Amino acid sequence: MLNSEITYLVGLLYNTNKNNLISQLKKVDNPLILHYFAANYNWNSGFDIPTVILGNEACDLGTGLLMFHYADGYRLLESSDEISSSSLEEWRDFLSKIYNKLLNLDFKSQDISFDPELTKIQWYKLKKNNPDLPDILISKSPGEVVDIPKL
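This section reports on the structure supplied with the text. (Residues numbered from 1 in each chain as written. Predicted model: local features only at pLDDT ≥ 70, side-chain atom pairs only at ≥ 80, totals over all residues. Heavy atoms only, no water.)

### Description of the overall build of the protein chain
Within the protein chain, the secondary structure is distributed over nine helices and two strands. Put simply, the protein chain runs from its N terminus to its C terminus through helices and strands in the order α-α-α-α-α-α-α-α-β-α-β. A compact globule built from 151 residues should have a C-alpha radius of gyration of about 15 Å, and the protein chain, at 15 Å, falls within 12% of that. Going through the 151 residues of the protein chain one by one, you find that 42% of them count as buried. Across the protein chain, every contact between residues at least 6 apart in sequence was considered, and the portion connecting residues at least 24 apart equals 73%. Total accessible area on the protein chain is roughly 8500 Å²; 47% of this is exposed by carbon and sulfur atoms. Taking the average place of the 14 positive charges on the side chains of the protein chain and the average place of its 20 negative ones, the gap between the two points comes to 2 Å. (Helix = DSSP H or I, 4+ residues; strand = E, 2+ residues; numbered from the N terminus. Rg over C-alpha atoms; globule rule 2.2 N^0.38 Å. Buried < 20%, exposed > 50% of the residue type's maximum accessible area, 1.4 Å probe, protein only. Contact = heavy atoms within 4.5 Å. Areas by Shrake-Rupley, 256 points an atom, 1.4 Å probe, with all protein chains shown as cover. Lys, Arg positive; Asp, Glu negative; His and termini not counted. Charge placed at Lys NZ, Arg CZ, Asp CG, Glu CD.)

Written as structure tokens, this is what we have:
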């Protein structure tokens with residue numbers, strides 16, 4: 001990653017003007033920038049920004065999988081009833097959108113790999129409770145493994 005890209009990414013991450021950030025993220029056409037941003041995003045800040053990333057055409061399948069797991073999608077896989085009854089509407093809506101997009105492989109590229117790094121026990125329990133669970137949600141995605149800078 002070039003120094004100029006790191007500077008740009010840091011500028012995005014620490015942008016305090018939400019509308020400006022959304023506008024900037026909509027224009028990003030580099031899947032790696034979106035991936036690094038999502039990996040460094042403060043997930044306690046809500047789901048407006050991740051929704052913008054998910055809606056960006058440059059969003060890679062690996063980034064989608066990363067966001068699913070960073071948004072605690074594992075809980076959806078464990079118990080979809082718990083999610084559907086959650087009072088956290090924004091979270092519930094985001095998980096639903098990303099879940100469907102992942103299942104439909106609705107991504108332009110699959111160049112960036114993400115590994116949810118589930119233990120064998122977690123993987124086994126999920127498959128035991130739901131034998132039809134698609135592997136795409138719990139396995140390493142196709143693509144190149146990238147080192148995510150901590151910013």
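### Focus: the side chain of asparagine 40
Of note, asparagine 40 is situated in helix α3 (residues 31-40). With residues near it in sequence (within four places) discarded, asparagine 40 still touches Leu13, Ile148, Pro149, Lys150 and Leu151.

### Digging into the packing of α3 against helix α5 (residues 61-70)
For the pair α3 and α5, interaxial distance at closest approach is 9 Å and the crossing angle is 10°. It follows that α3 is roughly parallel to α5 by the angle criterion. The segment α3 lies against α5, with Pro31, Leu34, His35, Ala38 and Ala39 engaging Gly62, Thr63, Leu66, Met67 and Tyr70. Taken together, the residues of the contact of α3 with α5 break down into seven nonpolar, three polar and no charged. (Axes fitted to C-alpha atoms, helices over the stretch in contact; angles between N-to-C directions. Parallel < 35°, antiparallel > 145°, perpendicular 65-115°, else oblique. Nonpolar A, V, L, I, M, F, W, Y, C, P; charged D, E, K, R; others polar.)

### Remarks on the side chain of aspartate 60
Here aspartate 60 lies in the loop between α4 (48-55) and α5. A distance of 3.4 Å separates a polar atom in the side chain of aspartate 60 from the backbone nitrogen of glutamine 110. What aspartate 60 contacts, discounting residues up to four positions off in sequence, is Pro31, Phe107, Ser109, Gln110, Asp111 and Ile112. (Polar contact = N/O pair within 3.5 Å; in protein donor to acceptor, adjacent residues only side chain to side chain.)

### What about helix α8 (residues 89-103)?
Each α-helix turn comprises 3.6 residues. Residues three or four places apart therefore point the same way. Taking 1.5 Å as the rise per residue, α8 with 15 residues should run 21 Å; its terminal C-alpha atoms sit 21 Å apart, in good agreement. Turning to α8, its buried residues are Trp91, Phe94, Leu95, Ile98, Lys101 and Leu102. End-on, the buried residues of α8 take up no more than an arc of 135°, which puts them together on one face. Backbone geometry just downstream of α8 places leucine 105 in the positive-phi region, at approximately 50°. (Expected span 1.5 Å × (residues − 1). Arc of directions from axis to C-beta.)

### Considerations on the packing of aromatic side chains
Taken as a whole and judged by the stated rule, the model has eight aromatic pairs. Ring geometry for phenylalanine 68 and tyrosine 99: centres 6.4 Å apart, planes at 40°, overall tilted. Taken together, the residues span a long stretch of sequence, with phenylalanine 68 in helix α5 and tyrosine 99 in helix α8 at a distance of 31 residues. The ring centre of phenylalanine 107 lies 5.0 Å from the NZ or CZ of lysine 101, which sits over that ring. (Phe/Tyr/Trp six-rings, centres within 6.5 Å; stacked < 30°, edge-to-face > 60°. Lys NZ or Arg CZ within 6 Å of the ring centre and 35° of its normal.)

### Considering helix α2 (residues 18-27)
Taken together, the buried positions of α2 are Leu21, Ile22 and Leu25. End-on, the buried residues of α2 take up no more than an arc of 100°, which puts them together on one face. Structural note: α2 exposes Asn19, Lys26 and Lys27 on the side pointing more than 90 degrees away from its buried face. Of the surrounding secondary structure, the elements contacted by the buried residues of α2 are α1 (3-13), α3 and α4.

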